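Breakdown of the fold
Given next are the chains, with one letter for each unit.
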Amino acid sequence: MPATDQQASFLGRISIRRNQVISVDGNNDQELEDLELFQKHVADRFADLLSPPEEVASTEPLLSISWLRKLVDVFLCCEAEFKAVLIMCREHSQICKPPLDRLIPELMDRAVKALDICNAVSSGVDSVRQCQKFAEIAVSALEQKPMDDGQVKRARKALNSLLTAMTIDDKENRDFKGAERTRSFGRRGNTNSANKERAVGNFRSLSMIVAKNWSASKQIQAMSSNLVAPRGGEPTGLALPVYIMSSVMVFVMWALVAAMPCQERSGLATHFQIPRQLTWAHSMIGLQEKIGEEWKKKEKKGSVGLLEEMQKMEKLALSLIEFADGFQFPGDTEKMEEVASQVAELAEICGKMEEGLVPLQTQIREVFHRIVRSRAEILEVLEHAAKISQPTT
Amino acid sequence: MEPPENSDASGGAVAFEDAQKIILRWDSTASEEARERMIFEGDREEVDLYLKAVDDIQKSMSSTSISDDQDKVNSATIQIAMARLEDEFRNILLNHTTPVELNSLAAADPSSSVHSSAADEYEEDDHVGDEDIQDQIQRADSSASNGNTSYRSTSSIREIDLIPQEAVADLQSIAKRMISAGYLRECIQVYGSVRKSVVDANFKRLGIEKLSIGDIQRLEWDALETKIRRWIRAAKVCIRILFASEKRLCEQIFDGIGTAVDDACFMETVKGPAIQLFNFAEAISISRRSPEKMFKILDLHDALMDLVPDIEVVFESKSADSFRVQAAEILSRLAEAARGILSEFENAVLREPSLVPVPGGTIHPLTRYVMNYISLISDYKQTLIELILSKPSTGSRYSGDSTTPDMEFAELEGKTPLALHLIWIIVILQFNLDGKSKHYKDVSLAHLFMMNNVHYIVQKVKGSPELREMIGDDYLRKLTGKFRQAATSYQRATWVRVLYCLRDEGLHVSGSFSSGVSRSALRERFKTFNAMFEEVHRTQATWLVPDNQLREELRISISEKLIPAYRSFLGRFRSHIESGKHPENYMKYSVEDLESDVLDFFEGYAVSQHMRRRSQ
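Numbers given for residues are sequential positions, taken from 1 along each chain in its written order. Labels are handed out in written order, letters beginning with A for the chains and numbers beginning with 1 for the ligands. Since the coordinates come from a predicted model, pLDDT governs what is reported: local features require at least 70, and pairs of side-chain atoms require 80 or more to be given and counted, while whole-chain, interface and lining totals use all residues. Values reported for side chains reflect all heavy atoms of the structure, with hydrogen atoms and water molecules removed beforehand.

Identification of chain B as Exocyst subunit Exo70 family protein from Hevea brasiliensis is taken from an unreviewed UniProt entry. UniProt positions are given in the numbering used here, feature names are shortened, and annotations may be inferred rather than shown by experiment. Regarding chain B, the UniProt comment filed under Function (unreviewed entry) reads as follows: "Component of the exocyst complex." Among the UniProt annotations of chain B, the heading Sequence similarities (unreviewed entry) holds the following wording: "Belongs to the EXO70 family."

Checking UniProt for chain A, the heading Sequence similarities (unreviewed entry) contains the comment "Belongs to the ROH1 family." Checking UniProt for chain A, the heading Subcellular location (unreviewed entry) contains the comment "Membrane".

Where helices and strands are cited, they refer to DSSP runs of H or I of at least four residues and of E of at least two residues respectively, numbered from the N terminus. Counting its regular elements, chain B contains 24 helices and two strands. When accessible area is computed with a 1.4 Å probe and restricted to protein chains, residues below 20% of their type maximum are described as buried, those above 50% as exposed, and intermediate ones as partly exposed. Buried positions account for 53% of the 616 residues belonging to chain B. In this analysis, two residues are considered to be in contact whenever any of their non-hydrogen atoms come within 4.5 Å of each other. Long-range pairs, those at least 24 residues apart, make up 78% of the contacts in chain B with a sequence separation of at least 6. Using the Shrake-Rupley algorithm and a 1.4 Å probe, accessible areas are obtained, with residue cover drawn only from the displayed protein chains. Put simply, chain B shows about 27,600 Å² of open surface, and 51% of that area lies on carbon and sulfur atoms.

Residues and elements named next belong to chain B. Here a pair means two rings of Phe, Tyr or Trp (six-membered ring of Trp) with centres within 6.5 Å. Their orientation is stacked below 30 degrees between planes, edge-to-face above 60, and tilted elsewhere. One pass over the full model with this rule turns up 28 aromatic pairs over all chains. Ring centres of F295 and Y380 lie 5.4 Å apart, and the angle between their planes is 40°; this geometry places the pair in the tilted category. Placement of F295 in helix α12 (residues 294-314) and of Y380 in the loop between α14 (365-379) and α15 (381-387) is noted, with a sequence separation of 85 residues between them. Its relative accessible area of 11% is what places F295 among the buried residues. A connected cluster of aromatic rings, assembled from ring pairs, spans Y490, W495, F529, F533, W543, Y566, Y589, F601 and F602. Think of it as a cone above the ring: NZ of Lys or CZ of Arg counts as a charge over the ring if it is within 6 Å of the ring centre and within 35 degrees of the ring normal. Positioned above the aromatic ring of F266 is the side chain of K247, whose terminal nitrogen or guanidinium carbon lies 5.7 Å from the ring centre. Residue placement shows R503 over the ring face of Y500; its charged tip is 3.5 Å from the ring centre.

The subject of this paragraph is the UniProt feature "transmembrane region" (unreviewed entry) in chain A. When the UniProt feature table is mapped onto this chain numbering, "transmembrane region" (unreviewed entry) sits at residues 238-259 of chain A. In this annotation, residues 238-259 of chain A is assigned 95% helix and 0% strand; the end-to-end C-alpha distance for the span is 32 Å.

Moving on: the layout of surface pockets. Of the voids in this model, the largest pocket is the one considered here, and its volume is about 1,600 Å³. Here a cavity is any set of points on a 1 Å grid over the protein atoms alone where a 1.4 Å probe fits but cannot get out, and a pocket is any open set with protein on both sides within 12 Å along at least 5 of 7 lines; a residue lines the site when it has an atom within 4 Å of a point. In terms of lining, the largest pocket is formed by 44 residues, of which the most central are D126, R129 and Q361 of chain A together with K271 and S319 of chain B. Elements with a minimum of two residues in the lining of the largest pocket: α5 (100-142), α9 (191-209) and α14 (333-388) of chain A together with α8 (184-205), α11 (259-285) and α13 (321-351) of chain B. When residues in the lining of the largest pocket are grouped by element, the largest group, eleven residues, is from α5 of chain A. Grid points are joined across faces, edges and corners, and a volume is the space filled by probe spheres set on the points.

Next up on the list: the pattern of salt bridges. Oppositely charged side chains are able to pair whenever their charged atoms sit close together. Whenever a carboxyl oxygen of Asp or Glu lies within 4 Å of a side-chain nitrogen of Lys or Arg, that contact is scored as a salt bridge. Tallying each qualifying case throughout the model produces 59 salt bridges over all chains. In this structure, the salt-bridge partner of R102 of chain A is E106 of chain A, at a minimum N-O distance of 3.6 Å. Separated by four residues within a single helix, R102 of chain A and E106 of chain A lie in helix α5, roughly one turn from each other. A salt bridge links K335 of chain A to E338 of chain A, with the nearest nitrogen and oxygen atoms 4.0 Å apart. Here K335 of chain A and its partner E338 of chain A are both found in helix α14, three residues apart, which amounts to about one turn of the helix. Shared partners join several salt bridges into a network, and the residues in it are K157 of chain A together with E86, D87 and R90 of chain B.

The next point concerns unusual backbone geometry. Residue and element names in this part refer to chain B. Of note in the backbone geometry, H582 takes a positive phi value of approximately 40° without being a glycine. Residue F602 is not a glycine yet carries a positive backbone phi of 65°. If you trace the backbone, F602 turns up in the loop between α23 (591-598) and α24 (607-615).

This part covers the confidence of the model for chain A. All names here are of chain A. Each residue gets a pLDDT score, which is the predictor's confidence in that residue and runs from 0 to 100. Confidence in the prediction for chain A averages 78 pLDDT; 77% of positions are at 70 or higher. Low confidence marks residues 1-26, where pLDDT is under 50. Its contacts with residues over four positions away, or in another chain, come to 23 contacts. Predicted confidence for residues 169-207 stays below pLDDT 50, and this span has 82 contacts to residues more than four positions away or in other chains.

Residues and elements named next belong to chain B. Working convention: axes come from line fits to C-alpha atoms, limited for helices to the stretch in contact. Angles between N-to-C directions cover 0 to 180 degrees. Running from N to C, helix α21 (residues 548-578) and α23 cross one another at 165°; their axes reach a closest spacing of 10 Å. What the angle tells us is that α21 and α23 run roughly antiparallel. Pair α21 / α23 crosses with right-handed handedness. Along its contact with α21, which presents R555, S559, L562, I563, Y566, R567 and L570, the element α23 presents V591, L594, E595 and V598. Angular relationships are summarised with four words: roughly parallel below 35 degrees, roughly antiparallel beyond 145, roughly perpendicular across 65 to 115, and oblique for the angles in between. Left-handed describes a crossing whose near helix is turned anticlockwise from the far helix through less than a right angle; right-handed describes the clockwise counterpart.

The next subject is the interface of chain B and chain A. Contacts between the two partners involve 53 residues from chain B and, on the opposite side, 49 residues from chain A. Note: buried area is the sum, over both parts, of the accessible area (probe 1.4 Å) each one loses when the two are combined. Taking both sides of the interface into account, the surface hidden between chain B and chain A amounts to around 4,900 Å²; carbon and sulfur atoms contribute 50%. Our count for the contact surface shared by chain B and chain A stands at eight salt bridges. One salt bridge connects E86 of chain B with K157 of chain A, and the closest N-O pair in it is separated by 2.9 Å. Polar contact is the term for a pair of N or O atoms within 3.5 Å; when the atoms are in protein, one must be able to donate a hydrogen and the other to accept it, and sequence-neighboring residues count only if both atoms are side-chain atoms. Linking chain B with chain A are 15 residue pairs in polar contact (both at pLDDT 80 or more). Secondary-structure elements contributing two or more residues to the side of chain B that touches chain A are α4 (68-94), α8, α9 (213-218), α11, α13 and α16 (417-437) of chain B. Broken down by element, the residue count for the side of chain B that touches chain A peaks at ten residues, all from α4 of chain B. For the side of chain B that touches chain A, the class distribution of residues is twelve nonpolar, 20 polar and 21 charged. The residue classification treats Ala, Val, Leu, Ile, Met, Phe, Trp, Tyr, Cys and Pro as nonpolar and Asp, Glu, Lys and Arg as charged. All others, Gly included, are polar.

This part takes up the nonpolar core. Membership of the largest hydrophobic core comes to 304 residues, with the highest contact counts inside it found for M313 of chain A together with F89, F243 and F315 of chain B. The element that contributes the greatest number of residues to this core is α5 of chain A, accounting for 23 residues. Here F315 of chain B is in contact with F243, F266, M267, V270, A274, F278, A320, F323 and R324 of chain B, once residues within four sequence places are set aside. In plain words, nonpolar cores are sets of buried Ala, Val, Leu, Ile, Met, Phe, Trp, Tyr and Cys residues tied together by side-chain atoms within 4.5 Å.

Our focus in this paragraph is α14 of chain B. Residues and elements named next belong to chain B. Its 15 residues place the ends of α14 21 Å apart at the C-alpha level, agreeing with the 21 Å of an ideal helix rising 1.5 Å per residue. Along α14, the residues classified as buried are L366, T367, V370, M371, Y373, I374, S375, I377 and S378. Where α14 is buried, its residues meet α12, α13, α15, α16, α17 (443-463) and α18 (465-471). Expected span of a helix, by definition, is 1.5 Å for each gap between consecutive residues, and there is one gap fewer than residues.

Let's shift gears to empty space enclosed by the protein. Under the definition given, this model contains ten cavities of 30 Å³ or more. Estimated volume of the largest cavity: approximately 160 Å³. Of all the elements in the fold, those that place two or more residues in the lining of the largest cavity are α5 of chain A together with α9 and α11 of chain B. For the lining of the largest cavity, the element with the highest residue contribution is α11 of chain B, accounting for four residues. Grouping the constituent residues of the lining of the largest cavity by class yields ten nonpolar, four polar and three charged.

In an α-helix, one full turn covers 3.6 residues, which means residues spaced three or four apart are oriented alike. Helix length check: α16 of chain B, at 21 residues, gives a terminal C-alpha distance of 30 Å against a target of 30 Å (1.5 Å per residue), a fit within 8%. Most of α16 of chain B is tucked away, with 18 of its 21 residues classed as buried.

Moving on, we come to the packing of helix α7 (residues 165-180) of chain B against α8 of chain B. All names here are of chain B. Following both chains from N to C, one finds α7 and α8 inclined at 145°, their axes separated by 7 Å at the closest point. Taking contact as the criterion, the partners of A175, M178 and I179 in α7 are, on α8, L184, E186 and C187. Residues of the contact of α7 with α8, tallied by class, amount to five nonpolar, no polar and one charged.

In this section: the confidence of the model for chain B. Residue and element names in this part refer to chain B. The predicted model of chain B averages 83 in pLDDT, with 84% of residues at 70 or higher. No element of chain B has a lower mean pLDDT than strand β1 (residues 152-154), at 36, and none a higher one than α17, at 96. Confidence drops under pLDDT 50 across residues 110-154; counting only partners more than four residues distant or on other chains, this segment forms 70 contacts. For this predicted complex, the interface confidence score (ipTM) comes to 0.83, while the overall pTM stands at 0.83.

As for its placement among the helices and strands, L467 of chain B is situated in helix α18. Contacts of L467 of chain B, omitting those with residues within four sequence positions, involve I374, S375, S378, L422, K460 and V461 of chain B.

Residue and element names in this part refer to chain A. If you trace the backbone, V139 turns up in helix α5. Considered as a pair, V139 and L256 are 117 residues apart in the sequence and their alpha carbons are 27 Å apart. With sequence-adjacent residues up to four places away left out, V139 is seen in contact with V343, L346 and A347.

When its relative accessible area of 15% is taken as the criterion, E106 of chain A is described as buried. A C-alpha to C-alpha distance of 37 Å links E106 of chain A and V56 of chain A, two positions 50 residues apart in sequence.

Set out below in C-alpha cells:
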C-alpha cells in the first residue's frame, strides 16, 4: 500500500538522521529536532509531487488520479507526523497561551471545513464516475468491428451526454427544476437539450449533498484567510508546525477541489497564497503556481475540474463527436486508424478511472477519519489543559 | 411480452422487413408523428407489435446467414429501436413519479412508537396536519398508484408499490430487450436519472435539511435537538419504506437479469439521499462534547442501532458496503461521544467553580442539575450499560491530591461500571458542595447547607427505582448517615453555646443550694441567652430547609433540647429574677414564646415578615 511504503522510506530517513545528530542536553532540543525533521519531510514529500523521478513522471502526471492518490497519501503522512509533534510536546500548557490559544482553535475550524470538502470531493468523484459510464458506452460502441452507422450513432449519443454533463455549470445545476416533467416531445428532435436534461439528472446528485449556497471556493478562502506565517527567527514553539500543517491541509483541499467537480469554485486560483521565503514551502508553491495557471486557463469554460483524465476525456470526446458527425460507412482508412487509437486511449482512461476512483474515495474517507480523530484528540488536550489552569473550589 | 420462440426461415425475411418498417416508422429523428406519440401510452396492440418487431430484428441479428450489408442494416435498425425504447422507458418512468405521502406512512408506522422515553416523537412541528390520520392513509393509497398500495411487513421493513404493476411489466419488457441488445448501460443510465429525481423529491419532503458539518457545529444545541428528532423519524421512513421500496422496484424491473444490474440501479437512485442522511448523523457524532448533549446523542444512537438490521438488508450489496461501514462508524462514534460526555460531565461537576454561597443554605442549583441529570441517565440505563465499560477514574487515597476525592471500589463489588460512575458522580458532587460550604461565614449554615443538599440527593435516589437499584442501599445508607450527621453538626454548632447559658454550674455560690445563687451571674446568663437566641432566631428564620419533613424534624429536634432546658432553667431560677428589679428585661421569653419562635426557623423569611404574617 502506498501509505506504508512512503512512511517506511521516511521513517527510515528519520532514524538515519537521528543517528547523525550529536545529542544535546535538554528536551527542548529534541523537540527542535523533531520540528526540523517535520519541515524537511514536508519539503521532501512535496518536492516528490512537483518533480517526481523520471520513471514515475510519465505514469503519474500532475492532477491525474494516481497523482491525487499520492497527494492524499502525503497529507496522511504529514498529518501523522504533525500529531506526533503536537501531542508529544511536553508543555501542554503552551496550548492555552498566546499564540496557540488562537491558532489551535483556528486549526480546528479549518479541520471542520476540510471535512466538508472531503465529502464534497467524494461526491465529485461520483460525478466523474458518471462521466466514465457515458464514455464506456461510447467506447463499447466504437470498438465494434466493423464500425457501422448504428454503433456510431449510439456512440455519438453517449458522447453528447458526456460533454453536456461535463460542461454543466454549477449555476445551471442549481436553477434547474424538474425539467423532465415539463419536457414536450416537440423538442425531441433537439438531441442536445434532451441529453442535457438527462445529464442534469446525474449532476443533480452533486447538489444533493451540499446546501444550495455552499461554495467550495469560499470554504478554501475561509480556510486560508487567517493563515499567517509566524514571524521572526525566535523559536516559535508549536506555532510553526501548526502553520505548516495548516498550509498542507489547505493546499491539499485546494488541489482536490480544483481537480474534482465541486459546487461553486469561481475565483479558486486566487484563494490561496503562501509566502515565498519559506524554504519548506518551495515545492508546494511551485505546485500551486502550476495548478493555478491551469485553473485560470480552464475557468471560463465552466470546467468540470482539472482532473487529468477528465481533461483528456473531454478532448477525446470532442474529437470523436466530430468524427461521429461526419461518419459515413465504411469510413476513410486513415481516419479509422486514428479513431481506433483515440478509442483505445479513451478506453485506457476509463480503465484508469475504474481502477483508481474507488480507491481514491477510500483514501479521502481515510483523510476524513484521520481529521476527525486528530481533532477529537486535540480538543481533549485543550480541555485537559484548560482544567489544569482552572482553580478549583 | 415474451419474444417468440422460432419462426421458420422462409417467413423470416418477410417478418424482418415488416419489423424494420415498424421500427423505422417509430424513429423519432425521422418523423413528426413518431415524435408526438408514445407507443406505450397508446394501443396495447401497437406495443405488442413494436416489441415483436424488436425481437425479430434481434433474432435476425443472431442468425448466421446474413450478409455484411444486412448486418449493417440490422445494426442501424437496432440502434434506432434502442433509442426509441430508451425514450419509452424514460417516459413510462416519468409518468409514475407522484411523490409518496411519506409523512402519513410515518404516522402509521407501528415501529415508530417504540421509544417512549424519547416520547416527543409526534410534535406540533410535524407535517401531519389537522386531518385525521386515517384520511391521510386513504389519500396515500390512492395517490401512490392506481389504488394498489400493498404493505408487506418483513420485520420492520415495509415496501410499498411505487409504480403500478402494469407499468412495471412494461419496463421489464423494455429492459430485457435493451439488455439483450447490449444496451445495458443506457438502460441503467435512464433508470437512474429518473428515479433519482423522484427519490430526491420524496426525501426532501421528509424535511431533512442539507447542512454541512460546519453548519452543524455552529448551530445551537436546541436547534440541533429538533433536527435530530426529525432525523430519527425521517430515517426510519427513509430506510424502511423509501429505500426498501426502491430496491424492490429495481429487483422487479430487472428481474432475472442478475443482481449486479438491480444493485447498480438501486445505488444510482438512492446514493444521494443516503449520503445526506448518514452525513447528518455523522456530523452530530463528531460535534464537540458537552453534558447537555448526552440524551439526544443516546436517542440518536438507539435509533440508528434499531435501524442496523434494516440497513443490513437494504444495503446488502457489495456496492453499498460504504453505507454499512459508515453506519457502524457512526454508531461507534456516538458511543464514544456518550462516554466522552459522561467524562466531561464528571469533570464539570468536580470543577464547578461558583463561589457565591446560596442564600439561606438551601439546595444548590448544581445539586438539582446533577441529580436530574443522573436520574435521566438511569432512564437510559439500558443503552448506557452497554456503552459505559470502564470504571470512573477516581483519585487515589494515597495520592495526596486534595483536589479530587477518592472512592474505594472494594466495597462496591459486583456493580456495573455505569453504577460506579453514578456513585462517583454523587461522591464528587458532595466533594464540590463541601468546598462550597466552606464559604459560609457561619459554620452552622455550612452544616445546614450540607444537610439540605445531601438530603435532596437521598430523596432523588429514593424517588427513582432504577437509580436506587444502581446506587444500592448500602451507599444510600451512607448518604443518609451523612445528612443526619450534618444535622447533628449544625445543632452542635448553633445550640451548644445557647444551651450553655442554661447550665447549672457557675450560678451557685459557696456550695449552698437554695440561697447561694449569684443574681448578677444569673442576670448575665439570661441576658446572654436572650441575645443569643434573638440573634439565632433572627438569622436562622431566614435560612431555608426546603423539605417539609426535614424541616419539621429539625425543629422538633431543636425544641426537644431547648424547651425542656429552658423550662427547667426558668423553673429553678425565675424567683430569683422576679424578686429583683425589672424582671422583664431578663425573662424576655416565656416557654410559649420560644416554642412559637422555633416555628420561624428555616422558613426562609425574615422574622418581621413572620410577624406580619401571623397578625393577618
